[in-house]
Amino acid sequence: MAAPTPTLPPVRLLPAARLAAAARETPLLDAAVRLARWTRTEGGRAVDDRGGLAPGERRAAAAELGPASGGTPASGPVSDAAGGTEEDGRGAPGALAAAGELDEAWDLAGYLGLVDVGPGIEVVEDRPDDGRAGRPGDGGTRPAGGTVRRGGGGRAVPGPALEQAEAGSPDEVLSLWQDAVGYVVARTVGPDPQSSAAPSGSAVGGAAGHDPASAQAFLDAALENLYVISALEPSGGRREAGAAPTGPRPPGAPAPAGTADGPAATGPAADGVTAAVPLPVLAASLVVPDGTDEPTPEVLEELTSVMARLDDLFAPLAAVGLVDHSPAGPRHGSVRLTPLGVYAVRRRLLDAGYDAPALGDAAERDAAALLTVLARYPEEAARTETARWLARRSPAGAAEQLLDAARGDDPQAPLRRLSCQQVLAMLGPVAEPAVRAVLDDPHLGGLARVWLAEHGAAGVPGPTEETVLWLTVDTVAAQLGAEDEHMLRELVRDLVVRHESFFNAAWRVDHPATAEVLEAMGRLHPDRDVAKEARRAAFRARSRHRAH
């Protein structure tokens with residue numbers, strides 16, 4: 001049997017055009033593009049025998065980039081290949097930093113095809129023949145006829161990818177940016193295969209016994225956890241992943257905390273920016289076993305080591321725009337995925353087989369698909385997805401489609417009915433005609449009565465005891481799969497208090513999940529006598545089902 005597809009919480013993606021604009025502005029890609037433009041001159045720019053910038057070109061290239069990070073002017077002293085500076089031969093921390101950024105940007109430009117490097121690119125000049133043909137010291141060979149051909153080493157000129165970076169479609173720009181991310185990640189998790197030394201900015205490359213595949217797996221796990229934490233990060237209270245949205249409740253039942261009737265919930269901002277995650281929180285998600293109340297000294301020691309490792313790994317990823325990173329200092333550092341980072345990590349997760357939804361995915365799908373999706377969305381995400389779905393349909397038609405999709409005896413039907421009432425609540429009074437039309441429906445009659453009563457509709461027939469019991473079982477059934485059982489446990493206790501003879505009648509309810517609900521109530525209720533009564537009712541319900 002195939003393993004179930006891992007399902008992640010939904011994220012908010014910015015439009016491709018905005019993501020592409022942000023990609024062009026990421027520090028490392030922007031520097032690589034500017035260097036590629038700088039080679040757009042007659043004959044290109046000189047490079048050394050390894051394809052790096054020739055010493056005579058480095059100062060001009062640094063000036064093209066402007067101030068280096070940290071406020072050091074990149075146009076100041078720039079280290080040459082020997083570690084000194086072109087200006088006075090003495091190294092300086094600022095100069096070395098500027099040189100490192102220059103080299104990283106130049107290497108990326110070559111990797112992406114923003115520049116082409118090759119030998120034999122010549123500059124042709126016409127001069128009068130002065131009889132010095134073939135004489136040395138001319139910077140080249142002057143053949144007869146007055147044409148000077150200057151040779152000497154490799155030259156760099158703009159590559160085909162420069163046009164893609166400057167005038168490509170959003171998808172083309174994002175593809176180029178993702179290649180840049182792949183380049184930085186490869187150099188971050190392991191040493192350059194062409195070099196025996198760790199690359200500039202590598203957090204783990206070159207270390208004794210270092211395994212690049214293991215380092216890549218560690219980074220993948222860190223980014224996946226950051227993605228999930230960011231998607232679920234509350235800023236006002238929100239449902240846990242997997243919990244059911246607000247929906248139909250038995251008449252008189254209180255609204256559970258954290259739903260539409262409880263505290264408001266918020267998610268990622270409309271600009272796609274997620275909350276910063278403290279490095280200790282992210283490290284704990286990678287190290288501390290689930291259910292741990294008090295970490296052992298060994299776990300705490302590993303936690304400190306992982307935090308330092310994360311700090312080093314995220315620094316180069318910030319330069320390519322994948323994350324915003326505040327390194328650890330007097331206080332613990334933090335990290336968050338940029339909107340580009342959310343886009344890139346989601347793409348990687350989809351390629352790995354995860355179900356990684358984005359808000360708006362269900363907007364063009366049918367009502368059944370929407371209701372199924374909403375059942376596992378946090379509250380604000382569910383409202384956003386619903387608003388996008390409703391915007392594409394007439395209110396009356398949407399209500400009819402939703403109610404039709406909420407019918408059924410399959411295991412997911414209770415969740416669809418819970419989601420249905422949440423969406424109908426957003427529609428408001430315009431949904432009343434469609435809701436009234438299902439008052440006699442065996443699956444929807446209870447939902448309709450609760451919805452109409454909550455919206456102050458006149459002439460709503462009172463529910464029968466059979467309707468109340470069926471709706472109660474349906475409501476509990478919808479929440480059996482919730483990861484956090486606290487809400488369900490409170491609902492079970494409340495039902496028993498309000499319905500003194502609940503179990504004597506509930507086992508007769510003609511609902512596919514009656515026995516399962518009663519068994520869950522027996523497991524969840526803290527009173528042993530009540531739990532025993534619930535289990536007895538579950539046995540009677542199963543016996544009744546077999547008899548039919």
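Since the model is a prediction, treat every value here as computed from it, not as a measurement. (Residues numbered from 1 in each chain as written. Predicted model: local features only at pLDDT ≥ 70, side-chain atom pairs only at ≥ 80, totals over all residues. Heavy atoms only, no water.)

Comments concerning the nonpolar core
Rule in force here: In these notes, a set of buried Ala, Val, Leu, Ile, Met, Phe, Trp, Tyr and Cys residues joined through side-chain atoms within 4.5 Å is what counts as a nonpolar core. Partly exposed describes any residue whose relative accessible area lies between the buried limit of under 20% and the exposed limit of over 50%, with all areas from a 1.4 Å probe on protein chains only and scaled to the type maximum. A run of H or I in DSSP counts as a helix once it spans at least four residues, and a run of E counts as a strand once it spans at least two, with each numbered from the N terminus.
Of all hydrophobic cores here, the largest spans 75 residues; its most connected members are Leu114, Trp177, Tyr227, Leu310, Phe314 and Leu322. Ranked by the residues each element gives to this core, the list is headed by helix α6 (residues 170-189), at 10 residues. Counting 33 residues, the second-largest nonpolar core is a separate cluster that includes Ala362, Val373, Ala382 and Val423.

A closer look at the sheet that holds strand β8 (residues 334-337)
Test applied: Any two strands with at least two DSSP-identified bridges between them are counted as paired. Whether two residues are in contact is decided by their heavy atoms, any of which lying within 4.5 Å being enough. The angle between two axes is taken between their N-to-C directions and runs from 0 to 180 degrees, where each axis is a line fitted to C-alpha atoms and a helix contributes only its stretch in contact.
Taken together, the three strands give an open sheet; going across it, the order is β6-β8-β7, and neighbouring strands pair in antiparallel fashion. Every other strand in the sheet has two partners, leaving β6 (277-278) and β7 (323-326) as the edge strands with one partner each. Pairing of β6 with β8, which is carried by two bridges, proceeds in the antiparallel orientation. Note that in β8 the partner of Val277 across the bridge is Val335. Relative to the sheet, helix α7 (residues 212-232) contacts β6, β7 and β8, its axis offset from that of β8 by approximately 80°. Contacts from helix α9 (residues 297-319) reach β7 and β8 within the one sheet, and its direction differs from that of β7 by about 130°.

Digging into the side chain of His511
Along the chain, His511 turns up in the loop between α19 (502-506) and α20 (514-524). Dropping the residues within four chain positions of it, His511 is found in contact with Pro414, Arg417, Trp470, Val473, Asp474 and Ala477.

Focus: helix α12 (residues 379-390)
Short version of the rule: A helix is expected to reach a length of 1.5 Å times the quantity of its residues less one.
For α12, spanning 12 residues, the distance from its first C-alpha to its last is 16 Å, which sits close to the expected 16 Å at 1.5 Å a residue. What α12 keeps buried is the set Glu379, Ala381, Ala382, Thr384, Glu385, Thr386, Trp389 and Leu390. Buried positions along α12 lie against α11 (367-374), α13 (395-406) and α14 (413-427).

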